[in-house]
Amino acid sequence: MGCCCKKKCYSSAELMHMEHTYGAHNYHPLEVVISKAEGVWVWDPEGKKYLDCLSAYSAVNQGHRHPKIIKALKDQADVLTLTSRAFFNDKWPVFAKKLAEYTGKDMVLPMNTGAEAVETALKMTRRWGYEKKGIPADKAEIIVMKENFHGRTTTIVSFSTDPDARINYGPFTPGFKVVEYNDLKAVEAAITPNTAGILLEPIQGEAGVFVPFDGYLKGIREICDKHNVLFVCDEVQTGFCRTGKKFAFMHEGIVPDVIIMGKALGGGVMPVSAVAANKDIMGVFTPGTHGSTFGGNPLACAVATAALDVLTEEKLDEKAEELGKYFRERLVKMKSPKVDIVRGKGLLNAVVLKKEAGKARIYTTALKEKGVLAKETHEWIIRFAPPLTVTKEELDWALDIIAEVLK
Ligand SMILES: *Cc1c(COP(=O)(O)O)cnc(C)c1O
C-alpha cells in the first residue's frame, strides 16, 4: 500500500536520494517521505503512519484532503479552471463576497502565495501613503519587526533579520525600518511623517511561535490611529482559526486596516492568498496597477470557498482554542527536564528546549520514528501545529509520544 505511481514503486530511501540529486537543496527536510494523507494522518511509501503536527506550516488547518474541499476541487475541475482576470468568471465574485464577510472588510484582492499577498499589501500601503496621506514621492517608510517572517521575495527579504534569508541577495529594497518586536516604545520612536504603515505578525510563527504581551496589538492600533498610519497584519500563518479565533488579532479585540492571508485559505489543496481592506484603502489599486494571472482563478476560488465553509461549519476556531489549552496544559504537566518553556495560542504551539537538551532535530527525528511529525524552528524550538480537525484522542496519542521523547 501507499505506492504512489503505477509504473514503478520507489522506496523512501530511493526518493530521498533522487530528490537530493535532482532537486535544489534549499530545504533540509526531516527524513520522511509522504505519499498519502487523510485528515490528520499521513503515510510513507512503506505504509508507516504518522500524525501530522506541522500541517504544512498551517496550510492544512482543515485536515488533509477534507472531503468537502476535494469535492469542490473535482467539481470545479470538470467545469472551468482558468480564465485570467481579462474576463469575469462565476467563482471569484462569490469567493470575494464570502472572504470580505469573513474578514469584516469591504473588499479583497486575490493572489496565490503568501509572499505575493505580502507584496500586495506593501504596494497598497505605499500607494495609500502617497495618494491618501500625502507622503512626498519615494519617501514612504514601512515599519517592520525584528525576527519577522513574511516570505521570500527580494523586497521581503530586504527587511528580514535572518542572515540565511538575506545573504548575497542584495542590493535590497529601501524604505523599511526594522524595530524590536513586542516593544511599543520602539515603534513609536520609529514613526515619522513619512510612515505609511506598520507590518507585523500577531504571533511570530517562524521566529518560534513568539506570542507578544497582551495589549501589544492594541498598542499598535493606538499608535496607528494617532499618527495616521496603516496597521498591516500578516495572518498568513495565524489566520483561519489556527490560534483559536478566526484571526489572531481578534484575541485583543482590535481590527487592523489591512489583513494578509494565505496558507489555510487554500484548504491544503492549492496556493490561494488574499489581502483584505476597506474601500478607502483598496481603492488605491486601479486597472493595470497590480495583478496576477492565476489570482482569482475559478479552481482556486471554488476550493477556497469550500475551505472557508469548513472552518465555519466545523467551528474550528472554538476547537483550536479548547484543544490548544489542553495541549499546553499536558505539555507543562510533563515537567520535562528538557523543556524551558511551552508557549502558543490555540493549536499554534512551541516547546522551547533548554540549552543543555541539545538540538531540536534530535527530538523531531525521535518523534518521527515514533509516528509524530513535527518540525524544529531554529535549533532549539519544536513547533506543534496539527490540523484543527484533530480529536482529543488523537492529540492524547501524540502527547504520550511527546512525553516519551522529552522525558
Ligand atoms: C508562510 C508565511 C508567509 C509566506 O507564504 P508563502 O506562501 O510561503 O509565500 C508570509 N507570512 C507568514 C507569517 C508566513 O508564515
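Residues take numbers from 1 onward in each chain, read along the sequence in its written order. Under the rules for a predicted model, residues below a pLDDT of 70 receive no local features and side-chain atom pairs below 80 are neither given nor counted, while totals for whole chains, interfaces and linings still include all residues. With hydrogens and water excluded, all non-hydrogen atoms of the structure serve as input to the side-chain values.

Student: Talk me through the overall build of the protein chain; I want residue IDs and the actual numbers.
Tutor: Each helix corresponds to a stretch of at least 4 residues labelled H or I by DSSP, and each strand to a stretch of at least 2 residues labelled E; elements are numbered beginning at the N terminus. Within the protein chain one finds 14 helices and 15 strands. The atom set for the radius of gyration is the C-alpha atoms, and the globule formula is 2.2 Å times the number of residues raised to the power 0.38. The C-alpha atoms of the protein chain give a radius of gyration of 21 Å, which matches the 22 Å a tight globule of 407 residues would have. Exposure categories follow from relative accessible area, calculated using a 1.4 Å probe and restricted to protein chains: below 20% of the type maximum is buried, above 50% is exposed, and the middle band is partly exposed. The buried share of the protein chain, taken over its 407 residues, is 53%. The long-range share in the protein chain, meaning contacts at least 24 apart out of those at least 6 apart in sequence, stands at 73%. Contact between two residues is taken to exist if any of their heavy atoms lie within 4.5 Å; hydrogens are not considered.

Student: I'd like a rundown of the environment of K338, residues and numbers included.
Tutor: Positionally, K338 belongs in the loop between α12 (316-333) and β11 (339-345). Judged by relative accessible area, K338 falls into the partly exposed class, the value being 24%. A C-alpha to C-alpha distance of 49 Å links K338 and R127, two positions 211 residues apart in sequence. With residues near it in sequence (within four places) discarded, K338 still touches L353, K354, A357, Y363, L406 and K407. The term polar contact refers here to a pair of N or O atoms within 3.5 Å; inside protein, the definition further demands a hydrogen-donor-capable atom paired with an acceptor-capable atom, and it admits residues adjacent in sequence only when both atoms are side-chain atoms. In this structure the side chain of K338 is engaged in a polar contact, spanning 3.2 Å, whose partner is the backbone oxygen of K407.

Student: Which residues make up the site of the ligand, and what are the values?
Tutor: Taken together, the neighbourhood of the ligand is formed by T113, G114, A115, F149, H150, G151, E201, D234, V236, Q237 and K263. Measuring from an oxygen atom of the ligand, one finds a backbone N or O atom of A115 at 2.8 Å. Here a nitrogen atom of the ligand sits 3.4 Å away from a polar atom, N or O, in the main chain of F149. Working definition of accessibility: Shrake-Rupley area with a 1.4 Å probe, residue cover restricted to the visible protein chains. Coverage of the ligand by the protein amounts to 81% of the 380 Å² it exposes when considered alone. Working definition: residue near molecule or strand if any one of its non-hydrogen atoms lies within 4 Å of it.

Student: Got a sec to walk through the state of the cysteines? Specific residues and values, please.
Tutor: Any two cysteine sulfur atoms lying within 2.5 Å of each other are counted as a disulfide. By the definition in use, this model includes zero disulfides. With no disulfide of its own, C53 has C241 as its nearest cysteine by sulfur position, at a separation of 18 Å. Between C241, a free cysteine, and C233, which holds the nearest cysteine sulfur, the sulfur-to-sulfur gap is 15 Å.

Student: Describe the packing of aromatic side chains, with residues and values.
Tutor: Note on aromatic pairs: the rings of Phe, Tyr and Trp (six-membered ring only in Trp) are paired at centre separations within 6.5 Å, and the planes decide the class, stacked below 30 degrees, edge-to-face beyond 60, tilted for the rest. In the structure shown here, the tally under the stated rule is eleven aromatic pairs. An angle of 35° between the planes, with centres 5.8 Å apart, marks the rings of Y102 and F240 as tilted. You can see Y102 sitting in helix α4 (residues 92-103) and its partner F240 sitting in the loop between β8 (230-234) and β9 (258-261), a full 138 residues away along the chain. An angle of 70° between the planes, with centres 5.3 Å apart, marks the rings of Y181 and Y216 as edge-to-face. Of the two residues, Y181 is situated in the loop between β6 (176-179) and α8 (184-190) and Y216 in helix α9 (residues 216-227); the sequence distance between them amounts to 35 residues.

Student: Before we move on, can you summarise the pattern of salt bridges with the specific residues and values?
Tutor: Where side chains of opposite charge bring their charged atoms close, a pairing between them can arise. Salt bridges are identified by distance alone: a Lys or Arg side-chain nitrogen within 4 Å of an Asp or Glu carboxyl oxygen. Summed over the entire model, instances satisfying the criterion amount to 20 salt bridges. Taking the shortest distance from any N to any O, the salt bridge between E376 and R361 comes out at 2.6 Å. Of this pair, E376 sits in strand β14 (residues 375-377) while R361 is found in helix α13 (residues 360-369), placing the two residues 15 residues apart along the sequence. Owing to a relative accessible area of 12%, E376 belongs among the buried residues under this scheme. Among the residues examined, R361 registers a relative accessible area of 19% and is labelled buried. Residues participating in the shared-partner salt-bridge network are R221, D225 and D257.

Student: Please provide a residue-by-residue account of the sheet that holds strand β3 (residues 49-52), values included.
Tutor: Strand order in the open sheet formed by four strands is β1-β2-β3-β13, with mixed pairing between adjacent strands. Of all strands in the sheet, those with a lone pairing partner are β1 (36-38) and β13 (372-373), marking the two edges. Only strands that DSSP links by at least two bridges are regarded as paired with each other. Where β1 meets strand β2 (residues 41-43), three bridges bridge the pair, whose relative direction is antiparallel. Across the sheet, residue K36 finds its bridge partner in β2, namely W43.

Student: Any chance you could break down the domain arrangement of the protein chain for me, citing the residues and the numbers?
Tutor: Domain boundaries shown here were taken from an automatic or database domain assignment. For the protein chain, the assigned domains read domain 1 (12-62 + 315-406) and domain 2 (67-313). Across the contact, 28 residues belong to domain 1 and 30 residues belong to domain 2. Summed over both partners, the accessible area lost on bringing two parts together, with a 1.4 Å probe, is the buried area. Buried area between domain 1 and domain 2, summed over both chains or domains, comes out near 2,300 Å², and the portion from carbon and sulfur atoms is 54%. When the area that domain 1 buries against domain 2 is broken down by residue, the three leading residues are Q62, K345 and L348, summing to 29%.

Student: Talk me through the nonpolar core; I want residue IDs and the actual numbers.
Tutor: What we call a nonpolar core is a set of buried Ala, Val, Leu, Ile, Met, Phe, Trp, Tyr and Cys residues that are connected through their side-chain atoms within 4.5 Å. Counting residues in each nonpolar core, the largest one holds 80 residues, and the members touching the most others are L99, I198, F240 and L265. If you tally residues by element for this core, the top one is helix α11 (residues 298-313), at ten residues. Here this core spans two domains, and each of domain 1 (12-62 + 315-406) and domain 2 (67-313) adds at least three residues to it. When residues no more than four places from it in sequence are discounted, the contact partners of L265 are F95, L99, F240, V272, S273, A274, A304, A307 and L308.

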